[in-house]
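Geometric and topological summary
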Amino acid sequence: SRSTNGLKLHTNRAIVPLEIFTSQQWTPDFDYFLGILATDGNICNNMIRVEFAPNNIEILENFKEFLQNKVTIHSRVRKSDNRTYYKICFKNQKIVDYLKTFGITPNKTFSLKLSYINWNVLRGIFDGDGTIVEDTRKTHSWKFSICSASIDFINQLNDFYVENGLHPIVYRQRNYCTIHIGRLEEIYYIYTNIYKDSSYFLKRKYDKFCPLVEKFTRQFSVNSVKERENY
């Protein structure tokens, strides 16, 4: 992970022009950070804020680069657990209004619904609120999961998966929902698509796909040898 040395401990008045967003609209980078803002962005009045624990600071480094280094990464110690958290925050009412057109609104926890989802948006959503887990107690048992308190958002994800031939399962709990993909070949399909056009991604989550990728690479190699032998 990147060093956090030199990160400022105070806030400043970062000036981020709307054109940084509009000039990159519809690009893979824009879509990725749309997914990040959907899951971990916070809008209050005219301020946009994104905050992460240290293990996700790479996302903030990338977001800072996307914002053409107009912002600074700040840190704070949360009193409840005495842990240090890092954030980017800036004010611009025009950007707030612009993001609303994509579904990034204030108080979106229970009402989030994006204007669209594609594979790059999904990569941002995954880096923000997703997990991929291999259950070592069971043979070939994996889960690609995303959690949200917004039922509309989970339904939107469900529709996107189904449109792409996947078979999601949704679990509803008291305050939130989780949507899973559990078939190995379908998780591998997600992997091949979300990283296809990627400039930005969280490396520690990318690395979690490695055992699955190695399995499918070996399987492909064995099948290729068999095909050549039969030929």
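Source: prediction; values computed, not measured. (Residues numbered from 1 in each chain as written. Predicted model: local features only at pLDDT ≥ 70, side-chain atom pairs only at ≥ 80, totals over all residues. Heavy atoms only, no water.)

1. Here's the deal with the confidence of the model for the protein chain
Applied cut-off: For every residue, the predictor assigns a confidence score, pLDDT, that lies between 0 and 100. Contact criterion: two residues are considered in contact whenever any of their non-hydrogen atoms come within 4.5 Å of each other.
Averaged over all residues, the pLDDT of the protein chain is 89; the fraction at 70 or higher stands at 87%. The low-confidence segment residues 1–11, where pLDDT is below 50, has 15 contacts with residues more than four positions distant or belonging to other chains. This stretch, residues 221–229, has a pLDDT under 50; its non-local contacts, to residues over four places away or in other chains, come to zero contacts.

2. A look at the nonpolar core
The condition that has to hold: Take the buried residues of types Ala, Val, Leu, Ile, Met, Phe, Trp, Tyr and Cys, join any two whose side-chain atoms come within 4.5 Å, and each joined set is a nonpolar core. Only protein chains enter the accessibility calculation, which uses a 1.4 Å probe; a residue is then buried when its area is under 20% of its type maximum, exposed when over 50%, and partly exposed in between. Strands here are runs of E lasting at least two residues and helices are runs of H or I lasting at least four, both read from the DSSP assignment and numbered beginning at the N terminus.
Among the nonpolar cores identified, the biggest contains 67 residues, and Phe-21, Phe-63, Leu-67, Phe-90, Tyr-161 and Phe-209 are the most heavily contacted of them. For this core, the element with the most residues is helix H2 (residues 28–40), which contributes seven residues. Not counting residues up to four positions away in its chain, the partners in contact with Tyr-161 are Leu-122, Phe-144, Ile-146, Leu-166, Pro-168, Ile-179, Ile-181 and Ile-190.

3. Quick word on the pairing of strand S2 (residues 47–52)
What counts here: Here the rule is simple: two strands pair whenever DSSP picks up at least two bridges between them.
For strand S1 (residues 41–44) and S2, the ladder comprises four bridges, and the chain directions are antiparallel. Its bridge partner being in S2, Asn-42 is matched across the sheet by Arg-49. Between the antiparallel neighbours S1 and S2 lie two residues, among them Asn-45 with a positive phi of about 55°. Of the strand pairs in this sheet, S2 and strand S4 (residues 83–91) are connected by six bridges, and their pairing is antiparallel. Its bridge partner being in S4, Glu-51 is matched across the sheet by Lys-87.

4. What about the packing of aromatic side chains?
Each aromatic ring pair is characterised by the separation of its centres together with the angle its planes make. Where we set the bar: Between rings of Phe, Tyr and Trp, where Trp is taken as its six-membered ring, a pair exists when centres lie within 6.5 Å; planes separated by under 30 degrees are stacked, by over 60 edge-to-face, and by other angles tilted.
Tallying each qualifying case throughout the model produces 27 aromatic pairs. Taken together, a centroid distance of 5.4 Å and an interplanar angle of 40° make the contact between Trp-26 and Tyr-116 tilted. A residue pair is termed long-range when its members are at least 10 positions apart, and Trp-26 in the loop between helix H1 (19–22) and H2 and Tyr-116 in the loop between helix H4 (93–100) and helix H5 (119–129) qualify at 90 residues. Of the residues examined, Trp-26 reaches a relative accessible area of 57% and is grouped as exposed. When its relative accessible area of 17% is taken as the criterion, Tyr-116 is described as buried. Centroid distance Phe-144 to Phe-209: 6.3 Å. Interplanar angle 40°. Geometry classified as tilted. Pair noted here: Phe-144 is in strand S6 (residues 142–148) and Phe-209 is in the loop between helix H8 (203–206) and helix H9 (210–230), with a separation of 65 residues, a long-range link.

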